[in-house]
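Here's the letter readout for the chains.
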Amino acid sequence: WSSILKGILNKKLLNFLIDTQGVSCSDNGRQMVECTGIFVDDGHIIHDERFSKQEVDDQFLFIIHVLKKLGLQDSVGKRVFPTKQKDYVG
């Protein structure tokens, strides 16, 4: 299930980048926004450093929107908006 969900998120993120944020889908063969892993209710997304804080936050909220449309429950209190610092919380 996690591999399927990761694939869906990455495809939707590419479409969001192209359609909404007007940027190319990749840079030197690497996706500029990528879900690198998801397990139960924890996910890891990498955003290219060239995106502004607002663009990254918009990408994050788009991911939440996609997950809700897929029927996953959103826990607003557990959301952690993207930062430059890496934290791993389970």
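Rules used in this analysis
- Residues numbered from 1 in each chain as written.
- Predicted model: local features only at pLDDT ≥ 70, side-chain atom pairs only at ≥ 80, totals over all residues.
- Heavy atoms only, no water.
- Helix = DSSP H or I, 4+ residues; strand = E, 2+ residues; numbered from the N terminus.
- Polar contact = N/O pair within 3.5 Å; in protein donor to acceptor, adjacent residues only side chain to side chain.
- pLDDT = per-residue confidence, 0-100.
- Expected span 1.5 Å × (residues − 1).
- Buried < 20%, exposed > 50% of the residue type's maximum accessible area, 1.4 Å probe, protein only.
- Contact = heavy atoms within 4.5 Å.
- Salt bridge = Lys/Arg side-chain N within 4 Å of Asp/Glu carboxyl O.

Within the secondary structure, Asp48 is located in the loop between strand S4 (42-47) and helix H2 (53-69). Within the structure, Asp48 has its side chain in polar contact with the backbone nitrogen of Arg50 (distance 2.9 Å).

Further remarks concern the confidence of the model for the chain. When pLDDT is averaged across the chain, the result is 79; 83% of the residues are at 70 or more. Per-element mean pLDDT across the chain ranges from 56 in strand S1 (residues 26-27) up to 89 in H2.

In this section: H2. Every α-helix winds through 3.6 residues per turn, so residues three or four apart in the chain are directed the same way. The end-to-end C-alpha distance of H2 is 24 Å, a good match for the 24 Å that 17 residues give at a rise of 1.5 Å each. Buried within H2 we find Val56, Asp57, Gln59, Phe60, Phe62, Ile63, Ile64, Val66 and Leu67. Where H2 is buried, its residues contact helix H1 (2-19), strand S3 (33-39) and S4. Just past H2, the residue Gly71 takes up positive phi, approximately 95 degrees.

The next thing to look at is the pattern of salt bridges. Per the stated rule, a full pass over the model turns up three salt bridges. One salt bridge connects Asp57 with Lys53, and the closest N-O pair in it is separated by 2.9 Å. Residue Asp57 and its partner Lys53 are both found in helix H2; the two are separated by four residues, about one turn of the helix. By relative accessible area, Asp57 is classed as buried at 15%. With its nearest N and O atoms 2.4 Å apart, the salt bridge here joins Arg79 to Asp74. Note on Asp74: relative accessible area 23%, which makes it partly exposed.

Here we come to the environment of Ile38. When you line up the elements, Ile38 lands in strand S3. Using a relative accessible area of 14% as the deciding quantity, one classes Ile38 as buried.

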